[in-house]
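# What the coordinates show
Residues per chain, in single letters:
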Amino acid sequence: MAHAFLSKRIVTPQGTQPGALLVEGGAIRAICRNSEVPSDAIVHDCGNDALLPGLVDTHVHINQPGRTEWEGFNTATRAAAAGGYTTLIDMPLNCLPETTTVAALEQKREAAKGECFIDWAAWGGAVADNQQHILPLADAGVLGFKCFLIYPGCDGFTMIDQQQLEAALPSIAQSGLPLLVHAELADPIDAATQSLANADWRRYETYLASRPDEAELQAIRLMIRLCRQYSFRLHIVHLSTALALSELKAARHEGLPVTVETCPHYLHFAAEEIPDGATLLKCAPPIRSKENQRGLWRGLHEGIIDMIVTDHSPCPPEMKRIETGRFDQAWGGIPSLSLALSIIHTDSSHRGDTLEDITRWMSSAPAALAGLAHRAGSLQSGRDANFIIFDTETEFTVTPGKLHYRHPVSPYMDATLRGAVKATYLRGEPVYRDGIFAPTPSGREVKL
């Protein structure tokens, strides 16, 4: 039996149009005029609420197995469903064991069984000593690889130096999969930190000074050189400095396969507005100045930054050191799965951006990075019927009950946001609707 979702605003690759989204057998059958809806279809009239493709988040720390007390597949995918996401790609660190071998990948798959409200997939890790595991991981179904050029904050997932990285790059290039790089180098950070030996670490200004733009700039220059030499797909994760945009633009103009992401917190918050002791806003790289934020928005508008992903990185509240407010001791990470679409819709609407822009940044571009554009990221005939009903007019205040992930703490608490997800559909079935979740998780691992 076909279902027809009527809307005055269906966001498609060809533009936003009125009509009906026809869904049958878990897939999109067609987008048609209302007059073309089959007489036997079950009709759902969404009125002026927009129909968007389900969002795709390629930067999420689910932390299971091993650190489920931080998050977990069940809570992460619930929060994601409430936020309009239908696909998450899980980062290979913070879980135990880290996803750096096929055996570890299989443990993650076992942990995910029966837990996921939406679809998921895994990135593999490229670490100091797992070069021989790169191609087996690719064959086993990871969608790409993540590496850190600096200590990542947990011992089991080791940073990779240039020599170790160059040993892995031929295999990464052979796989055809992207390499996602945490692009900060240690030397500028070490030098800055030494100069701050007697500084007050409750001040955000101190933390910001400890992670200078130069650490990102040097790392990005290195990776562009290696991309040119080894011909692999390079993806820069969570870009925080707008100073790198000109060099990234030049690399793209040269024809290098470079993509770039940024995150809601870099686009919403600015260093000048962060109070001392506000460790809920600690992340790495750090949130920088208001002027820098404007530069990141320009990067999105000019197409130098391809996508917006959350870098959802939760932890138990005590790890944020809220009681002491010391940035040097607090865990770095900002969870936002349930709020990201509303944050970006609120902020981008002031800049004249459209739902088509948001869909490109938060759905189609991440799907393309992950190699899933054939099934996710756009409303087109034959794709999975993963879509959301989005009320662009409703305003709401962020409260703990809006978060849905394991630990309901957030730097966005009490913010007023405009735009609410009314329903999220996975393969044509509602997994979240009017504040209610499906009784049984139906997400699955997606593969290339």
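Bear in mind that the values here come from a model prediction, so they are computed numbers and not experimental data.

Definitions and limits used
- Once a new chain begins, its residue numbering starts again from 1 and follows that chain's sequence as written.
- Only residues with pLDDT of 70 or above have their local features reported here, since the model is predicted, and side-chain atom pairs are shown and tallied only from 80 upward, although totals for entire chains, interfaces and linings are computed over all residues.
- With hydrogens and water excluded, all non-hydrogen atoms of the structure serve as input to the side-chain values.
- Angles shown run from 0 to 180 degrees and are taken between the N-to-C directions of axes, each axis being a line fitted to C-alpha atoms and, for helices, limited to the stretch in contact.
- The way it works is that DSSP assigns letters per residue, a run of H or I at least four long becomes a helix, a run of E at least two long becomes a strand, and they are numbered from the N terminus.
- An angle below 35 degrees is read as roughly parallel, one above 145 as roughly antiparallel, one from 65 to 115 as roughly perpendicular, and any other as oblique.
- By definition, turning the near helix anticlockwise from the far helix through less than a right angle yields a left-handed crossing, and turning it clockwise yields a right-handed one.
- The contact rule is simple, with two residues in contact once any of their heavy atoms fall within 4.5 Å.
- Only when DSSP finds a minimum of two bridges between them are two strands counted as paired.
- Each residue's exposure class comes from its accessible area (1.4 Å probe, protein chains only) as a fraction of the maximum for that residue type: buried when under 20%, exposed when over 50%, partly exposed otherwise.
- Throughout this description, the term salt bridge denotes a Lys or Arg side-chain nitrogen within 4 Å of a carboxyl oxygen of Asp or Glu.
- pLDDT expresses, on a scale from 0 to 100, how confident the predictor is about each individual residue.
- By the counting rule applied here, Lys and Arg register as positive and Asp and Glu as negative, while His and the ends of each chain are not counted.
- Between N or O atoms, a polar contact is any pair within 3.5 Å; within protein, one atom must be a potential hydrogen donor and the other a potential acceptor, and residues adjacent in sequence are included only when both atoms are from side chains.
- Note on aromatic contacts: the rings of Phe and Tyr and the six-membered ring of Trp form a pair at centre separations within 6.5 Å, being stacked when their planes are under 30 degrees apart, edge-to-face when over 60 apart, and tilted otherwise.
- Buried residues of nine kinds, namely Ala, Val, Leu, Ile, Met, Phe, Trp, Tyr and Cys, make up a nonpolar core once their side-chain atoms join them within 4.5 Å.

Two elements in contact, helix α4 (residues 162–175) and helix α7 (residues 213–230), have axes separated by 11 Å at closest approach and are oriented at 40°. Our classification of the angle between α4 and α7 gives oblique. The two elements α4 and α7 meet at a crossing, and its hand is right-handed. Here Gln162, Leu165, Glu166, Leu169, Pro170 and Ala173 of α4 lie close against α7, whose contacting residues are Leu222, Met223, Leu226, Gln229 and Tyr230.

Below, the discussion takes up the sheet that holds strand β8 (residues 119–122). Across the sheet, three strands lie side by side as β6-β7-β8; this open sheet has parallel pairing. Where the open sheet ends on each side, the last strands, each with one partner, are β6 (55–60) and β8. Across this sheet, the average inter-strand angle for adjacent strands is 20°, counted without regard to direction. This element, helix α1 (residues 73–82), spans β7 (85–90) and β8 of the sheet and lies at about 140° to β7. Packed on one face of the sheet, helix α12 (residues 355–369) meets β6 and β7 and runs near 55° to β6.

With that settled, consider the pairing of β8. Burial of β8 is two-sided: the residues Asp119 and Ala121 facing one way and the residues Trp120 and Ala122 facing the other way are all buried. Sheet analysis places β7 next to β8, joined by four bridges and oriented parallel. Following the sheet pairing, Thr87 is matched in β8 by Asp119.

Scanning all chains against the criterion turns up 21 salt bridges. Its salt-bridge partner being Glu445, residue Arg109 comes within 2.8 Å of it at the nearest N-O pair. Here Glu445 lies in the segment after β18 (436–437) and Arg109 lies in helix α2 (residues 102–112), a separation of 336 residues in the sequence. In this pair, the class of Arg109 matches that of Glu445, namely buried.

Let's shift gears to the sheet that holds strand β10 (residues 145–148). Across the sheet, six strands lie side by side as β9-β10-β11-β12-β13-β14; this open sheet has parallel pairing. The open sheet terminates on both sides in strands that have one partner only, identified here as β9 (124–125) and β14 (307–308). Bridging between strand β13 (residues 258–262) and β14 involves two bridges; their strand directions are parallel. Counted as the bridge partner of Glu261 is Met307 from β14. Those strands touched by α7 are β11 (179–182), β12 (234–236) and β13, and its axis lies near 165° from that of β12.

On to the environment of Ile344, then. Considering the arrangement of structural elements, one finds Ile344 in helix α11 (residues 340–349). Relative accessible area serves as the criterion here: at 0%, Ile344 is assigned to the buried category. Separated by 230 residues in sequence, Ile344 and Gly114 have C-alpha atoms that sit 31 Å apart. For Ile344, the residues in contact, after removing those within four places along its chain, are Pro264, Leu267, Ile308, Ser349, Ile358 and Met362.

Attention now goes to unusual backbone geometry. That bond from Leu96 to Pro97 is cis: its omega, 0°, falls within 30 degrees of zero. Among the secondary structure elements, Pro97 is positioned in the loop between β7 and α2. With omega at -5°, the peptide bond leading from Ala284 into Pro285 counts as cis. Within the secondary structure, Pro285 is located in the loop between α9 (264–268) and α10 (290–301).

Let us look at the confidence of the model for the protein chain. Residue-level pLDDT values for the protein chain average 97, and 100% of them are 70 or greater. Predicted confidence in the protein chain is weakest over helix α5 (residues 186–195), with a mean pLDDT of 96, and strongest over β12, with 99.

Another aspect to go through is the side chain of Arg67. Here Arg67 shows up in the loop between β6 and α1. One buried charged residue, Arg67, remains without a salt bridge, the closest side chain of opposite sign being Glu98 at 5.0 Å. A polar atom in the side chain of Arg67 sits 3.0 Å from the backbone oxygen of Asn94. When near neighbours in sequence (up to four residues on either side) are disregarded, Arg67 contacts Asn94, Cys95 and Leu96.

As a further point, take the packing of aromatic side chains. Enumeration according to the criterion identifies 13 aromatic pairs in this entry. Look at Phe5 and Tyr425: their rings are 5.0 Å apart centre to centre, the planes differ by 70°, and that puts the pair in the edge-to-face class. Of this pair, Phe5 sits in strand β1 (residues 3–12) while Tyr425 sits in strand β16 (residues 416–426), placing them 420 residues apart in sequence. Using a relative accessible area of 1% as the deciding quantity, one classes Phe5 as buried. Note on Tyr207 and Phe327: the rings are 5.9 Å apart at their centroids and 15° apart in plane angle, and the pair reads as stacked.

Here the focus is the nonpolar core. Core analysis: the largest hydrophobic core is formed by 107 residues, its most contacted members being Phe145, Leu179, Leu239, Leu248 and Met362. For this core, the element with the highest residue contribution is α7, accounting for eight residues. Dropping the residues within four chain positions of it, Leu239 is found in contact with Glu216, Ile220, Ala244, Leu245, Leu248, Val260, Glu261, Thr262, Tyr266, Leu296 and Ile305. By size, the runner-up hydrophobic cluster in this structure holds 19 residues, among which are Leu93, Val309, Ala370 and Leu372.

What follows is about the environment of Leu448. Relative to the helices and strands, Leu448 is located in the segment after β18. Owing to a relative accessible area of 57%, Leu448 belongs among the exposed residues under this scheme. Placed 402 residues apart in sequence, Leu448 and Cys46 show a C-alpha to C-alpha distance of 32 Å.

Turning to its location among the elements, Arg375 is positioned in the loop between α12 and β15 (387–397). Spatially, the C-alpha atom of Arg375 lies 10.0 Å from that of Lys447, the residues being 72 residues apart in sequence. Not counting the four nearest positions on each side in its chain, Arg375 is found in contact with Arg383, Asp384, Val446 and Lys447.

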